[in-house]
Amino acid sequence: MRILTKKTIVNMKKNLITLAVVVAAFVAALPAQAQVKFGVKAGLNVNSVSLKGNLADNLDSNNRTGFFAGLTADVTIPLAGLGADISLLYDNKVVGASSEDAATGDIYESNKTLHYITLPINAKYTIGLSSIASVYLATGPQFSWNVGDRKWKSQDITEGWELNKSEFSWNVGAGATVFSHVRVGYNYNIGIGNTAEASILNTAGQAVKGKLKNNTHQISLTYFF
């Protein structure tokens, strides 16, 4: 099994940021004859977290459901099938974790609702199936800014999480468009940067540290005007 070193992880992040710049440059370079449609997008988040550090030995992550909604722009180059999907969304994510008291066996659960403004910029490839339907594949970076409370506290070991001001993540998705106005999509948002960090004392007085990262399954419905 390959162990990822800190240097390897840093290089991976640099490569993803470089790829994000390439995607943004691709969007900026779209030709003038590209077709642009505007619409509204909304959908469901199913959010899970991955934990790192010795704090992960004391916590289990739980899947939680949230939602997102906002405006979107779809850009397509005629004939080539290439294009971009750019949105500005309010993103409501709920993270959850649970821990067990070693002395009593009691289970403590803690949930935190995260409020973000997100900017996903996805390169898109579309394949027309007929005059009324098409399917697409999409991938690209997402930038998120935390506009809510950045503290996450509970009665047990989760006390002391500090949520980051912003996040960088990556989207991989697919979907279908019918009648040129309605689109249904699935997207997996992969956390690259950390969502939160903690360095605290647990109930036994032991120092524990941890990092938390979001990964989100998303189902969306878009209507284009």
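Chains are numbered independently. Their residues run from 1 in the order of the written sequence. Under the rules for a predicted model, residues below a pLDDT of 70 receive no local features and side-chain atom pairs below 80 are neither given nor counted, while totals for whole chains, interfaces and linings still include all residues. In computing side-chain properties, one takes all heavy atoms of the structure into account and sets aside hydrogens as well as water.

1. What to know about the overall build of the protein
Our working definition: A helix here means a DSSP run of H or I that spans at least four residues, while a strand means a run of E at least two residues long, and both kinds are numbered starting from the N terminus. Residue contacts are defined here by distance: any two heavy atoms, one from each residue, within 4.5 Å place the two residues in contact.
Summing up its helical and strand segments, the protein has one helix and twelve strands in all. Secondary structure of the protein in N-to-C order comes out as α-β-β-β-β-β-β-β-β-β-β-β-β. For the protein, restricting intrachain contacts to residue pairs at least 6 apart in sequence, the fraction spanning at least 24 positions comes to 67%.

2. Looking at unusual backbone geometry
What counts is decided by this rule: Exposure categories follow from relative accessible area, calculated using a 1.4 Å probe and restricted to protein chains: below 20% of the type maximum is buried, above 50% is exposed, and the middle band is partly exposed.
Phi at F179 takes a positive value of approximately 55°, unusual for a residue other than glycine. Turning to its location among the elements, F179 is positioned in the loop between β9 (166-178) and β10 (182-191). Residue classification places F179 among the exposed positions, given a relative accessible area of 56%. Within the chain, S180 stands out as a residue other than glycine whose phi angle is a positive 65°. In this structure, S180 sits in the loop between β9 and β10. Looking at S180, the relative accessible area reads 42%, which means it is partly exposed.

3. Describing the nonpolar core
One broad rule of soluble globular proteins: the nonpolar side chains tend to lie buried together. For the record, the criterion: The set of buried Ala, Val, Leu, Ile, Met, Phe, Trp, Tyr and Cys residues whose side-chain atoms join them within 4.5 Å is what this entry labels a nonpolar core.
Formed by V49, V95, L114, Y116, W152, W161, L163, A196, A198 and L212, the largest nonpolar core amounts to ten residues. Those elements that provide at least two residues to this core are β5 (107-128), β8 (161-163) and β11 (196-201). Setting aside its immediate chain neighbours within four residues, L163 contacts K112, L114, N146, D149, R150, K151, T195 and A196.

4. Description of a nonpolar patch on the surface
Quick note on the threshold: A patch consists of residues exposed above 30% relative accessible area that lack any salt bridge, with like charges linked at up to 9 Å and nonpolar side chains (Val, Leu, Ile, Met, Phe, Trp, Tyr) linked at up to 5 Å. Surface accessibility follows the Shrake-Rupley procedure with a 1.4 Å probe radius. Residue values consider only the protein chains on display as shielding. We define a salt bridge as a side-chain nitrogen of Lys or Arg found within 4 Å of a carboxyl oxygen belonging to Asp or Glu.
Side chains of V36, F38, V40, L71, I132, V178, F179, V182, V184, L221, Y223 and F225 sit close together on the surface and give an oily, nonpolar patch of about 1100 Å² of accessible area. Residue assignment for the nonpolar patch shows that the elements contributing at least two residues are β1 (35-52), β10 and β12 (207-224). For the nonpolar patch, the leading source of residues is β1, giving three residues. With respect to the element layout, F38 can be found in strand β1.

5. Observations concerning the packing of aromatic side chains
To describe a pair of aromatic rings, you give the distance between the ring centres and the angle between the ring planes. Stated precisely, the cut-off is as follows: Two rings from Phe, Tyr or Trp (for Trp, the six-membered ring) form a pair when their centres are within 6.5 Å of each other. A pair whose planes differ by under 30 degrees is stacked, one over 60 is edge-to-face, and the rest are tilted.
Under the counting rule described, the total for this entry stands at three aromatic pairs. With a centroid separation of 5.5 Å and an interplanar angle of 45°, the aromatic rings of F143 and F168 are classed as tilted. Of this pair, F143 sits in strand β6 (residues 133-146) while F168 sits in strand β9, placing them 25 residues apart in sequence. An angle of 80° between the planes, with centres 6.1 Å apart, marks the rings of Y223 and F225 as edge-to-face.

6. Quick notes on the pattern of salt bridges
One pass over the structure, following the stated rule, counts seven salt bridges. Residue D85 pairs with R183 through a salt bridge whose shortest N-O separation is 3.3 Å. Of this pair, D85 sits in strand β4 (residues 82-100) while R183 sits in strand β10; the two residues are 98 residues apart in sequence, bridging distant segments of the chain. By relative accessible area, D85 is classed as buried at 8%. Given the relative accessible area of 5%, R183 is considered buried.

7. Digging into the environment of R183
Rules: Pairs of N or O atoms are called polar contacts if they sit within 3.5 Å, as long as, within protein, a hydrogen donor faces a hydrogen acceptor (for residues adjacent in sequence, only side-chain-to-side-chain pairs).
When the C-alpha positions of R183 and L221 are compared, they lie 5.8 Å apart, and in sequence the two are 38 residues distant. Setting aside residues up to four positions removed in sequence, R183 forms contacts with D74, D85, K124, Y136, A176, T177, S220, L221, T222 and F224. There is a polar contact of 2.8 Å between the side chain of R183 and the side chain of T177.

8. Remarks on the environment of S220
Mapped onto the elements of the fold, S220 is located in strand β12. S220 sits in the buried class, given a relative accessible area of 13%. When the C-alpha positions of S220 and F68 are compared, they lie 8.6 Å apart, and in sequence the two are 152 residues distant.

9. Here we look at the environment of N92
Inspection of the secondary structure assignment puts N92 in strand β4. When the C-alpha positions of N92 and I117 are compared, they lie 8.9 Å apart, and in sequence the two are 25 residues distant. Setting aside residues no more than four positions away along its own chain, N92 makes contact with N45, G66, F67, T113, L114 and H115. Reaching out from N92, the side chain makes a polar contact with the side chain of Y90 at a distance of 3.3 Å.

Shape is all these values report; function is a separate question.
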